[in-house]
Amino acid sequence: MHTNKKKQSEKLEILLKKLPDFCDSYMKARALKISLSTSISYANDFLTFFYFLIRKNHYYHNYKPKDFKISDLNGLTVEDIDAFIQDQQQNNNVKTSIYRRLSAISTLYDYLLKRRLVSHNPVILVERKKENKKPVIHLEDDESERFLATISTGTGLTNREKSRTPILIRDMAIFVMFLNNGFRISELQSIDIKDINFDGHYVGIIRKGGDYQRIYLADTTEDIIKRYLNIRKEFIKEDMLPEDKDALFLSQKGNRISVRQIQTLTKKYLGKSVPEKMDIITPHKLRSTFAMDYYAITQDVLSLQKILGHSNIQTTNIYAQATENSIRDTRNVIERKRIYE
């Protein structure tokens, strides 16, 4: 088990000890469907909800989160959920966080409903305001080119940074894989050398829900990965951890590169190439950039769904819709050109 996964497992175990047994049963039932990071997020959401009930409902004043019983959940109403939402708003939580917590609580109720342990799910009765669809944040074609050019040519970097050729080659491989394949950051960070099959032109990864999937690599992507593998020895240290020895991407200290380090690198190169988007483009938005590019070229939303590992086609459709809007917005461009020239 990677060090990061071990730490996540330990963190989840600590959280579950604070929660009722039925939450632990729920997590075990969903273990193959959701990632460790999602499980940790859900556990924190459950604790937030239980602590709210303890603070606001006199019936639970002497409770600890561990003391809640299924019968307590069965006794809650939509008014209790509404009160929870209001409390969250008063504590300046953003809507996305509130809706995420409601979703976590709702899935717990659904789990208990399927086992006939509760009679209803009060969360589904909550009225939610319909949100306006926001544009997909991503890099435009010229911005992606500037971003990669900064790494490949060293444009905007200091002389010291330019001289670190192995690091630049490693970083080029990382970001080409983001932009050409749409990996999640956790998926890319977890890749081992053995996961790459150049004969089959793919890398095997474990997706968010725990399923194995082959992601096929373009020739240019394979070329930069091979180039990196030729200099990967520069990152190997004698005292490196056993679980890091097979990692594809290594840090300067010889450890598997961390999610945080990849996030920092993303911001660093954006600051040199597309500074106006430095605060809004994350590794996940690089994934969105791939999705927008792929759909614009192929118009194949089903293939895109498969590549991104989305279980719900509606999640993938946001890229198709965004691309359609972009095409629609240019419908008069030729006519304007003729009129004004």
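Residue positions are counted from 1 within each chain, in the order its sequence is given. Given that the model is predicted, a residue must reach a pLDDT of at least 70 before its local features are reported, and side-chain atom pairs must reach 80 or more before they are shown or counted; all residues, however, enter totals for whole chains, interfaces and linings. Values shown for side chains rest on all heavy atoms present in the structure; no hydrogens or waters enter the calculation.

Engineer: I'm lost on the overall build of the chain in this one. Help?
Structural biologist: Only runs of H or I of at least four residues qualify as helices and only runs of E of at least two qualify as strands under DSSP, and these elements are numbered from the N terminus. When you go through the chain residue by residue, the secondary structure sums to 16 helices and three strands. Expressed along its principal axes, the backbone C-alpha trace of the chain runs to roughly 70 × 65 × 40 Å. To sort residues, take the accessible area from a 1.4 Å probe on protein chains only and compare it with the maximum for the residue type: under 20% means buried, over 50% means exposed, and anything in between is partly exposed. With 341 residues in all, the chain has 43% of them scored as buried. Contact between two residues is taken to exist if any of their heavy atoms lie within 4.5 Å; hydrogens are not considered. If you take every contact in the chain between residues at least 6 apart in sequence, the share linking residues at least 24 apart comes to 59%. Total accessible area on the chain stands at roughly 19,800 Å², and carbon and sulfur atoms take up 50% of it. Residue burial considers only the protein chains on display, and all accessible areas are found by Shrake-Rupley using a 1.4 Å probe.

Engineer: What am I meant to see in the nonpolar core here?
Structural biologist: Proteins that are soluble and globular tend to have nonpolar side chains buried together. Ranked by internal contacts, the top residues of the largest apolar core, which has 43 residues, are Phe147, Phe175, Tyr228 and Phe249. Where this core is concerned, the elements lending two or more residues are α7 (141–153), α9 (165–181), α10 (185–189), β2 (202–206), α11 (219–231) and α12 (259–273). Among the elements that line this core, the one with the most residues is α9, at eleven residues. Sequence-distant contacts of Phe147, defined by excluding residues within four places in its chain, comprise Leu139, Phe175, Leu179, Thr266, Tyr269, Leu270, Ser273 and Leu286. Throughout this description, the term nonpolar core refers to a set of buried Ala, Val, Leu, Ile, Met, Phe, Trp, Tyr and Cys residues connected via side-chain atoms within 4.5 Å. Listed in part, the 39 residues of the second largest apolar core include Leu12, Tyr26, Leu47 and Val118.

Engineer: How do you make sense of the side chain of Asp45 when you look at a structure like this?
Structural biologist: Considering the arrangement of structural elements, one finds Asp45 in helix α3 (residues 36–56). A distance of 3.3 Å separates polar atoms of two side chains, one belonging to Asp45 and the other to Arg101. The residues contacting Asp45, other than those within four sequence positions of it, are Arg100, Arg101 and Ala104. Under the rule applied, a polar contact is a pair of N or O atoms within 3.5 Å (in protein, one hydrogen donor and one hydrogen acceptor; residues adjacent in sequence only if both atoms are side-chain atoms).

Engineer: Quick question: what am I supposed to make of unusual backbone geometry here?
Structural biologist: As a rule of thumb, non-glycine residues mostly have phi less than zero, and peptide bonds are mostly trans rather than cis. We note that Arg116 has phi near 55°; this positive angle belongs to a residue other than glycine. One can find Arg116 in the loop between α6 (95–114) and α7. One non-glycine residue, His201, adopts positive backbone phi at about 60°. Here His201 shows up in the loop between β1 (196–197) and β2.

Read these as layout, nothing more, since geometry by itself doesn't imply function.
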